[in-house]
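These are the residues of each chain, in order.
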Amino acid sequence: QGGPTRPNETTLAPPAPRFGPKGLLQDEPLIFELDGWDRTGVDLPEPQGAPSEDLAGLLRTAPIALPGLSEPETVRHYVRLSQMNHAIGLALYPLGSCTMKHNPRLNEKLARLPGFIDLHPLQPISTAQGALELIDQLAHWLKTLTGLPAV
C-alpha cells in the first residue's frame, strides 16, 4: 500500500477482503457518492486579470459541484469500474454456450491476421480476391459438413 492520497490523512483503512471471482466487482459507488466534497484533486493557479467581456454571461456563480478526488483515487475508481466488465480470462461466464463465450475471442484473433486487418468493406473487389476465395472455400466446407445446400 502507498501513502495517504488525501491531505492530512494519517492512516489508511485496510481494504475489505474480496472472495469469489475477481472478474465481476459490482460494489463500486458512483463518483458522486465518494467522499471528497471538501477538497480538490487539482490545484490550479488563480486567474490573472479580469475575465474577458466575451465570456461575461458564462461566468460560474456557484461551485461546480464535483467531488474532488486525487489522481490516485480517480485512477482506482475507474480501474474498479473497468473490472465490472466480464473478462473471459478471469472467470467462468454463467450464461450462454461456449460458442457465445469463445467465438468473439477467436474471431478477433482471426480478423487481425495479416491480409485481413487492412480489408475494408468498400474497397474494390479486385483488391480483395484472397479474402473472397477464403470465404468461398469456407462456405464449401460448411455445406459439405452440414449437408445444407447453402450457407
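Residues numbered from 1 in each chain as written. Predicted model: local features only at pLDDT ≥ 70, side-chain atom pairs only at ≥ 80, totals over all residues. Heavy atoms only, no water.

Undergrad: Any chance you could break down the overall build of the protein chain for me, citing the residues and the numbers?
TA: Regarding its fold elements, the protein chain presents three helices and zero strands. Seen in sequence order, the protein chain has helices and strands lined up from the N terminus as α-α-α. Buried positions account for 11% of the 151 residues belonging to the protein chain. At a minimum sequence separation of 6, the contacts of the protein chain that also span at least 24 residues come to 62%. Split by element, the accessible area of the protein chain, about 13000 Å² in all, is 62% carbon and sulfur. (Helix = DSSP H or I, 4+ residues; strand = E, 2+ residues; numbered from the N terminus. Buried < 20%, exposed > 50% of the residue type's maximum accessible area, 1.4 Å probe, protein only. Contact = heavy atoms within 4.5 Å. Areas by Shrake-Rupley, 256 points an atom, 1.4 Å probe, with all protein chains shown as cover.)

Undergrad: Quick rundown of the environment of Tyr-78? Include the residues and the values.
TA: With respect to the helices and strands, Tyr-78 occurs in helix α1 (residues 71–82). Exposure remark for Tyr-78: the relative accessible area of 46% places this residue in the partly exposed category. Distance in space between the C-alpha atoms of Tyr-78 and Glu-28 is 9.4 Å, their sequence separation being 50 residues.

Undergrad: Break down the side chain of Glu-28 for me, citing the residues and quoting the values.
TA: Along the polypeptide, Glu-28 turns up in the segment before α1. Only 2.6 Å separates the side chain of Glu-28 from the side chain of His-77, close enough to count as a polar contact. In this structure the side chain of Glu-28 is engaged in a polar contact, spanning 2.6 Å, whose partner is the side chain of Arg-80. Here Glu-28 is in contact with His-77, Arg-80, Leu-81 and Met-84, once residues within four sequence places are set aside. (Polar contact = N/O pair within 3.5 Å; in protein donor to acceptor, adjacent residues only side chain to side chain.)

Undergrad: So what's going on with the confidence of the model for the protein chain? Which residues, and what values?
TA: When pLDDT is averaged along the protein chain, the result is 75; 71% of the residues meet or exceed 70. Within the protein chain, no element has a lower average pLDDT than helix α2 (residues 98–111), which sits at 70, and none a higher one than helix α3 (residues 129–146), at 92. (pLDDT = per-residue confidence, 0-100.)

Undergrad: Describe a nonpolar patch on the surface, listing the residues and the values that go with them.
TA: A contiguous nonpolar surface patch, about 460 Å² in accessible area, is contributed by Leu-106, Leu-110, Leu-113, Phe-116, Leu-119 and Leu-134. On the secondary structure map, Leu-134 appears in helix α3. We classify Leu-134 as partly exposed; its relative accessible area is 38%. (Patch = residues over 30% accessible without salt bridge, like charges linked within 9 Å, V, L, I, M, F, W, Y side chains within 5 Å. Salt bridge = Lys/Arg side-chain N within 4 Å of Asp/Glu carboxyl O.)

Undergrad: Please set out the pattern of salt bridges residue by residue, giving values where relevant.
TA: Under the counting rule described, the total for this entry stands at two salt bridges. The partner of Arg-80 in a salt bridge is Glu-28, and the shortest N-O contact between them spans 2.6 Å. Of this pair, Arg-80 sits in helix α1 while Glu-28 sits in the segment before α1, and the two are 52 residues apart along the sequence. Note on Arg-80: relative accessible area 28%, which makes it partly exposed. Since its relative accessible area comes to 13%, Glu-28 is described here as buried.

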